Amino acid sequence: MGYKRASTTKFNRWISTAVLLAGVSVAGMASAETLSFAHVYETSEPYHKWALWAADEIEKRTDGRYTVEVHPASSLGKEADINEGLSLGTIDLIYTGNQFAGRSYGPIGIAGAPYMFRDFEHWKAYANSDLFKEIAQGYQDATGNVPLALNYYGKRHTTSNKPINKPADMKGLKIRVPNAPMYMMFPEAVGANPTPIAFSEVYLALQQGVVDAQENPLPTIQAKKFYEVQDYINLTGHITDSLITIAGGPLWNRLSDEDKQIFRDVYTEAGQKITDDVVQSEKDLVAWFEDQGVTVNEVDTQPFREAVIPYHNGEAATWDKETYDRLQALGQ
């Protein structure tokens, strides 16, 4: 009988410990929060690849307190929709263009203006500058949402079914642009007809002749297969573009200071990896497109630049002259 009582006692202790551990495990699982990261890019692109990497890192570095589900290819809406979702708290994290962010805080749109940067090194100087930090803080103050990183998107070039060598070649050209005002500056400066169309609808619009042309970086032209419905890639390089990784205010406000730093660190690291991948892709893709039978047309960009620069501080500008001058002085 004594043996049975001892065994029963040990068994009860074991059961109690198991129940306690199970409770701890369930409590840990219950405390994990699932976040949504939305973007409009394809799963084959580096933005998605490194968003997935960042999701894994967030989960690891927060000890499982947060998991991030990444929703690519406009699956949670067009770019305007996901920007709105950020403020509403229905989406927690996004990539967005400077011009979409500029709808809510004008100065941040300066990095999306045509021929605003001399070259990639000038853009990089801006990405790492106090000026960008100040502008990002201004955006946060205005919206409550928090820019975490600037990710290189590539130089935007013009695809078409005819060669474009000078500004006059674009006169009357119906060209698709993203639905944000600053993207219209380049086509308007050279006499083209900018036509906003959602990103997910561009291929069909080109195929059906709704528009004659579009503009995007080489990696995007490849990922979206625009080269299948356009004969020429004209290297206008008119925007040295980037995407901003932004955390929604509702998310940010409930993060601890420690977790805020983790999110900043992870998405800054992801941004560098994206930038490295896009730079390499830009180097490799000219030959790849030519192998596909597409004509890659070298363009003297100076006449295009001269047509656009007078617009930099014109009526369309959403920044002041001091901000413009500070940006232009970077890297000199």
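Residues numbered from 1 in each chain as written. Predicted model: local features only at pLDDT ≥ 70, side-chain atom pairs only at ≥ 80, totals over all residues. Heavy atoms only, no water.

Engineer: Describe the overall build of the protein, listing the residues and the values that go with them.
Structural biologist: Of regular secondary structure, the protein possesses 13 helices and 9 strands. Referenced to the eigenvectors of the C-alpha coordinate spread, the extents of the protein come out at roughly 100 × 45 × 30 Å. Expressed as a percentage of its 332 residues, the buried residues of the protein come to 52%. Looking at the protein alone, contacts between residues at least 24 apart form 76% of all its contacts between residues at least 6 apart. When the accessible surface of the protein is totalled, it reaches about 15100 Å², and 50% of it is carbon and sulfur. Positive and negative charge centroids in the protein, built from 30 and 43 side chains respectively, lie 7 Å apart. (Helix = DSSP H or I, 4+ residues; strand = E, 2+ residues; numbered from the N terminus. Buried < 20%, exposed > 50% of the residue type's maximum accessible area, 1.4 Å probe, protein only. Contact = heavy atoms within 4.5 Å. Areas by Shrake-Rupley, 256 points an atom, 1.4 Å probe, with all protein chains shown as cover. Lys, Arg positive; Asp, Glu negative; His and termini not counted. Charge placed at Lys NZ, Arg CZ, Asp CG, Glu CD.)

Engineer: Break down the nonpolar core for me, citing the residues and quoting the values.
Structural biologist: If you look at the biggest cluster of nonpolar residues, it comprises 93 residues, and the most contacted ones within it are Leu93, Tyr126, Met170, Phe263, Tyr267 and Phe289. Broken down by element, this core gets its largest block of residues, 9 residues, from helix α11 (residues 257-291). The residues touching Phe289, leaving out its near neighbours within four places in the chain, are Leu218, Ile221, Gln222, Tyr227, Ile233, Val294 and Val296. (Core = buried A, V, L, I, M, F, W, Y, C linked by side-chain atoms within 4.5 Å.)

Engineer: Kindly report on the packing of helix α2 (residues 46-61) against α11, identifying the contributing residues and their values.
Structural biologist: Between α2 and α11, the shortest axis-to-axis distance is 9 Å and the interhelical angle comes to 155°. With respect to α11, the element α2 is oriented roughly antiparallel. The way α2 lies across α11 gives a crossing that is right-handed. Here Pro46, Tyr47, Lys49, Trp50, Trp53, Ala54, Glu57, Ile58 and Arg61 of α2 lie close against α11, whose contacting residues are Ile262, Phe263, Asp265, Val266, Tyr267, Glu269, Ala270, Lys273, Ile274, Asp277 and Val278. In the contact of α2 with α11, the residues fall into 13 nonpolar, no polar and 7 charged. (Axes fitted to C-alpha atoms, helices over the stretch in contact; angles between N-to-C directions. Parallel < 35°, antiparallel > 145°, perpendicular 65-115°, else oblique. Left-handed = near helix turned anticlockwise from the far one by under 90°. Nonpolar A, V, L, I, M, F, W, Y, C, P; charged D, E, K, R; others polar.)

Engineer: Quick rundown of the confidence of the model for the protein? Include the residues and the values.
Structural biologist: Low pLDDT marks regions whose predicted coordinates should not be analysed in detail. Summarising the model, the protein shows a mean pLDDT of 92, and 91% of its residues fall at 70 or more. The low-confidence segment residues 1-11, where pLDDT is below 50, has 0 contacts with residues more than four positions distant or belonging to other chains. (pLDDT = per-residue confidence, 0-100.)

Engineer: Just give me the short version of α11, but keep the residues and values in it.
Structural biologist: Helix length check: α11 (35 residues) gives 51 Å between terminal C-alpha atoms against 51 Å at 1.5 Å per residue, within 8%. Phi turns positive, to about 90°, at Gly293, one or two residues after α11. (Expected span 1.5 Å × (residues − 1).)

Engineer: Explain the pairing of strand β3 (residues 93-97) to me, and be specific about the residues and the numbers.
Structural biologist: Among the 5 residues in β3, 5 count as buried, and that is most of the element. Both faces of β3 are covered, namely the face carrying Leu93, Tyr95 and Gly97 and the face carrying Ile94 and Thr96. Here 2 bridges tie strand β1 (residues 33-38) to β3, and the two strands are oriented parallel to one another. Note that in β3 the partner of Phe37 across the bridge is Leu93. Where β3 and strand β8 (residues 232-247) come together, 5 bridges link them in antiparallel fashion. Bridge pairing links Gly97 to Leu243 in β8. (Pairing = 2+ DSSP bridges.)

Engineer: Outline the layout of surface pockets, supporting the account with residue identities and numerical values.
Structural biologist: For the largest pocket, the calculated volume is near 550 Å³. Lining of the largest pocket is provided by 24 residues; of these, Ala127, Leu148, Ala149, Leu150 and Thr268 occupy positions nearest its centre. When contributions to the lining of the largest pocket are tallied by element, the ones reaching two or more residues are α5 (120-127), α6 (130-143), β4 (146-160) and α11. Counting residues per element, the lining of the largest pocket draws most heavily on α11, which supplies 9 residues. Looking at side-chain class alone, the lining of the largest pocket contains 11 nonpolar, 8 polar and 5 charged residues. Within this model, the second largest pocket holds a volume of roughly 300 Å³. The wall of the second largest pocket is formed by 23 residues, among which Glu79, Phe100, Arg176, Pro178 and Phe199 lie closest to the centre. Sorting the residues of the lining of the second largest pocket by element identifies α3 (79-88), β4 and β8 as the ones contributing at least two each. (1 Å grid on protein atoms, 1.4 Å probe; cavity = no way out; pocket = protein on both sides within 12 Å on 5 of 7 lines; lining within 4 Å. Points joined across faces, edges and corners; volume = space filled by probe spheres on them.)

Engineer: Go over α5, please, and point to the residues and values.
Structural biologist: If you check which residues of α5 are buried, you get Phe120, His122, Trp123, Tyr126 and Ala127. Projected down its long axis, α5 carries its buried residues within an arc of 160°, all on one side. If you follow the buried residues of α5, they end up packed against α6, β4, β8, α11 and α13 (321-329). (Arc of directions from axis to C-beta.)

Engineer: With reference to specific residues and values, describe the pattern of salt bridges.
Structural biologist: Evaluated as defined, the whole model comprises 15 salt bridges. Between Arg61 and Glu57 there is a salt bridge, with the nearest N and O atoms lying 3.0 Å from each other. Pair noted here: Arg61 and Glu57 are both in helix α2, with a separation of 4 residues, about one helical turn. Look at Arg61 and you get partly exposed, because its relative accessible area is 29%. Take Glu57: its relative accessible area is 12%, and that puts it in the buried class. Between Arg65 and Asp63 there is a salt bridge, with its nearest N and O atoms 4.0 Å apart. Judged by relative accessible area, Asp63 falls into the exposed class, the value being 66%. When salt bridges with common partners are traced through the structure, they connect Glu57, Lys60, Arg61 and Glu269 into a single cluster. (Salt bridge = Lys/Arg side-chain N within 4 Å of Asp/Glu carboxyl O.)

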